[in-house]
Amino acid sequence: IHKIYNARVLAKITELHEGKLYETLIKVLKDPAQNDGVRYWILRGLRNLLAQVQPQQMPPLLTKEEEAKCTEAIIEFLDRKPNLSEGASQEEKDGFRVLRREGVRALAQIHTPAFNDKVRPALVLARFAGADERIQPPPRIDERLEAALGLARMTAAQDKNYQPDYAASMIGTCLSAFGAAANGEKEDSAKRLRPWKIDAVHMREALAALKADSGMNAYVAQVVERGTRMLQAVSRGDDAKPEDLTWFTNPENAPPSKELFKGAAESVVKPAKPAEATEK
């Protein structure tokens, strides 16, 4: 209890522009003696800290090197294998997903697609948004949505090899699942799991940022147009149109780029089959 309380205090202190606290947060996150309750609040602290980093900030809250260290620690956390038994209950799996979601939220505050060949926040976010088959247990829609929000806010100009059209296709894959899930819960408000209308507004804002950053990219413009139309329907409480949902996953509408980073075959996302991407 004391450890978790202290972790909550650390997370709160990060709101006070205490940039140097990043070293302590990383140290605690990597400490094998800590429990997942502590890690949950440490990840929230990293999210708070990274959210305060702004372009042209003087003096910078975190240097690029310090931001890269935070990013690397979060990615290492997200890459770790879940400590779940073979017969783990649905509650245990969902508990792990809630913890993992905090890591995704923290990573989504990074706007640099890649710091080096090993630390590529955009790739991790793309894998979550696209429900990559390598992510186990499969990400829930809330994890995918957080990843898509972060991916949409990447600054493409910071990496000449980053290909925003491929990123947009992964965001579209998430939007398809989001719209289908929102349609499925519209009728029974008593069993509603997500604030779909609020989620839709946040995603529309992120798509606007994606369009502004991508300039004249025709494929990105198509994804933004389709996505905005679908999200507007969800915001009104209407059903998203089937033709909009299926457009994102239709092979005929694949992006011109075939990987997230030009010439990097390992940056290809491998979406799981629908039956594998969703657990009852």
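Before any of the text, the structure's been laid out above.
Residues numbered from 1 in each chain as written. Predicted model: local features only at pLDDT ≥ 70, side-chain atom pairs only at ≥ 80, totals over all residues. Heavy atoms only, no water.

K.L.:
For this particular structure, what's the right way to read the overall build of the protein?
P.N.:
Counting its regular elements, the protein contains 12 helices and zero strands. Secondary structure elements in the protein, listed N-terminal to C-terminal, are α-α-α-α-α-α-α-α-α-α-α-α. Along the longest, intermediate and shortest principal axes, the C-alpha atoms of the protein span 50 × 45 × 35 Å. Classification of the 280 residues of the protein by burial places 50% in the buried group. Residue pairs in contact within the protein that sit at least 24 positions apart in sequence constitute 74% of those at least 6 positions apart. When the accessible surface of the protein is summed, it comes to about 14400 Å², and 52% of that surface belongs to carbon and sulfur atoms. Charge centroids of the protein, computed over 42 positive and 40 negative side chains, lie 1 Å from each other. (Helix = DSSP H or I, 4+ residues; strand = E, 2+ residues; numbered from the N terminus. Buried < 20%, exposed > 50% of the residue type's maximum accessible area, 1.4 Å probe, protein only. Contact = heavy atoms within 4.5 Å. Areas by Shrake-Rupley, 256 points an atom, 1.4 Å probe, with all protein chains shown as cover. Lys, Arg positive; Asp, Glu negative; His and termini not counted. Charge placed at Lys NZ, Arg CZ, Asp CG, Glu CD.)

K.L.:
Is there a simple way to explain the pattern of salt bridges in this structure?
P.N.:
A side chain of one charge can pair with a side chain of the opposite charge if their charged atoms are brought near each other. Applying the stated criterion to the full structure yields 22 salt bridges. Across the pair Asp94 and Arg97 runs a salt bridge whose closest N-O atoms are separated by 3.0 Å. Taken together, the positions of Asp94 and Arg97, both in helix H5 (residues 90-107) and three residues apart, correspond to about one turn of that helix. A relative accessible area of 22% places Asp94 in the partly exposed class. On the basis of relative accessibility, which here comes to 2%, the residue Arg97 falls in the buried class. In this structure, the salt-bridge partner of Arg140 is Asp142, at a minimum N-O distance of 2.8 Å. For Arg140, a relative accessible area of 26% puts it in the partly exposed group. The class of Asp142 is buried, set by a relative accessible area of 5%. Among the charged side chains, a salt-bridge network with shared partners connects Asp94, Arg97, Arg101, Arg140 and Asp142. (Salt bridge = Lys/Arg side-chain N within 4 Å of Asp/Glu carboxyl O.)

K.L.:
Which parts of the structure should I look at to understand helix H9 (residues 196-214)?
P.N.:
Residues spaced three or four apart along an α-helix point in a common direction, a consequence of the helix completing one turn every 3.6 residues. Here H9 contains 19 residues, and its C-alpha end-to-end distance of 26 Å stays within 8% of the 27 Å for a straight helix at 1.5 Å per residue. Residues of H9 that are buried: Trp196, Asp199, Ala200, Met203, Ala206, Leu207, Leu210 and Ser214. Here the buried residues of H9 occupy an arc of 130° about the axis, which is enough to place them on one side. Each element contacted by the buried residues of H9 is listed here: helix H7 (141-152), helix H8 (164-185) and helix H10 (218-236). (Expected span 1.5 Å × (residues − 1). Arc of directions from axis to C-beta.)

K.L.:
Just checking my understanding: could you explain the nonpolar core for this structure?
P.N.:
One broad trend across soluble globular proteins is that nonpolar side chains are buried collectively. Grouped together as the largest cluster of nonpolar side chains are 79 residues, with contacts concentrated most on Leu151, Tyr162, Ile171, Met203 and Leu260. Examining the composition of this core, we find that nine residues originate from one element, H8, more than from any other. Residues in contact with Leu151, not counting those within four places in the same chain, are Ala122, Leu125, Ala126, Tyr162, Ala167, Met170 and Ile171. (Core = buried A, V, L, I, M, F, W, Y, C linked by side-chain atoms within 4.5 Å.)

K.L.:
When you look at the packing of H10 against helix H11 (residues 242-249) in this model, what are you seeing that I'm missing?
P.N.:
Two measures define how a pair of helices packs: the angle their axes make with one another and the distance between the axes. Interhelical geometry of H10 versus H11 gives an angle of 145° and a closest axis separation of 9 Å. The two elements H10 and H11 cross, and the hand of that crossing is left-handed. Residues Tyr219, Gln222, Val223, Arg226, Gly227, Arg229 and Met230 of H10 pack against Glu243, Asp244, Leu245, Trp247 and Phe248 of H11. (Axes fitted to C-alpha atoms, helices over the stretch in contact; angles between N-to-C directions. Left-handed = near helix turned anticlockwise from the far one by under 90°.)

K.L.:
In this structure, what is going on with a nonpolar patch on the surface? I would like to understand it.
P.N.:
On the surface, a nonpolar cluster with roughly 380 Å² of combined accessible area is contributed by Tyr5, Val9, Ile13 and Leu16. Mapping Tyr5 onto the fold places it in helix H1 (residues 2-13). (Patch = residues over 30% accessible without salt bridge, like charges linked within 9 Å, V, L, I, M, F, W, Y side chains within 5 Å.)

K.L.:
Would you take a moment to explain the packing of helix H4 (residues 64-79) against H5 for this structure?
P.N.:
Running from amino to carboxyl end, H4 crosses H5 at an angle of 150°, the nearest separation of the two axes being 10 Å. In this view, H4 runs roughly antiparallel relative to H5, as classed from their interaxial angle. The way H4 lies across H5 gives a crossing that is left-handed. Across the interface between the two elements, Thr71, Ile74, Ile75, Phe77 and Leu78 of H4 pack against Leu99, Arg100, Gly103, Val104, Ala106 and Leu107 of H5. (Parallel < 35°, antiparallel > 145°, perpendicular 65-115°, else oblique.)

K.L.:
Just to check I follow, could you spell out unusual backbone geometry for this structure?
P.N.:
The phi angle of most residues is negative, glycine excepted, and most peptide bonds adopt the trans form. Along the chain, Met58 connects to Pro59 via a cis peptide bond; the corresponding omega equals -10°. Structurally, Pro59 can be placed in the loop between helix H3 (36-51) and H4. For the bond running from Gln136 to Pro137, omega is -10°, close enough to zero to count as cis. Looking at where Pro137 falls in the secondary structure, it is placed in the loop between helix H6 (121-129) and H7.

K.L.:
What is the right way to look at the packing of aromatic side chains in this model?
P.N.:
Each aromatic ring pair is described using two quantities: the centre-to-centre distance and the angle formed by the ring planes. Under the counting rule described, the total for this entry stands at five aromatic pairs. A centroid spacing of 5.4 Å and a plane angle of 80° characterise the contact between Tyr40 and Trp41, whose relative ring orientation is edge-to-face. Seen from their ring centres, Phe178 and Trp196 are 5.2 Å apart, and the 65° between their planes marks the pair as edge-to-face. Here the residue Phe178 occupies a position in helix H8, and Trp196 occupies one in helix H9, the gap between them amounting to 18 residues. Its relative accessible area of 7% is what places Trp196 among the buried residues. An aromatic cluster is defined as three or more aromatic residues linked by ring pairs; in this entry it consists of Tyr219, Trp247 and Phe248. Just above the ring of Phe261 sits the side chain of Arg120; from NZ or CZ to the centre is 4.8 Å. (Phe/Tyr/Trp six-rings, centres within 6.5 Å; stacked < 30°, edge-to-face > 60°. Lys NZ or Arg CZ within 6 Å of the ring centre and 35° of its normal.)

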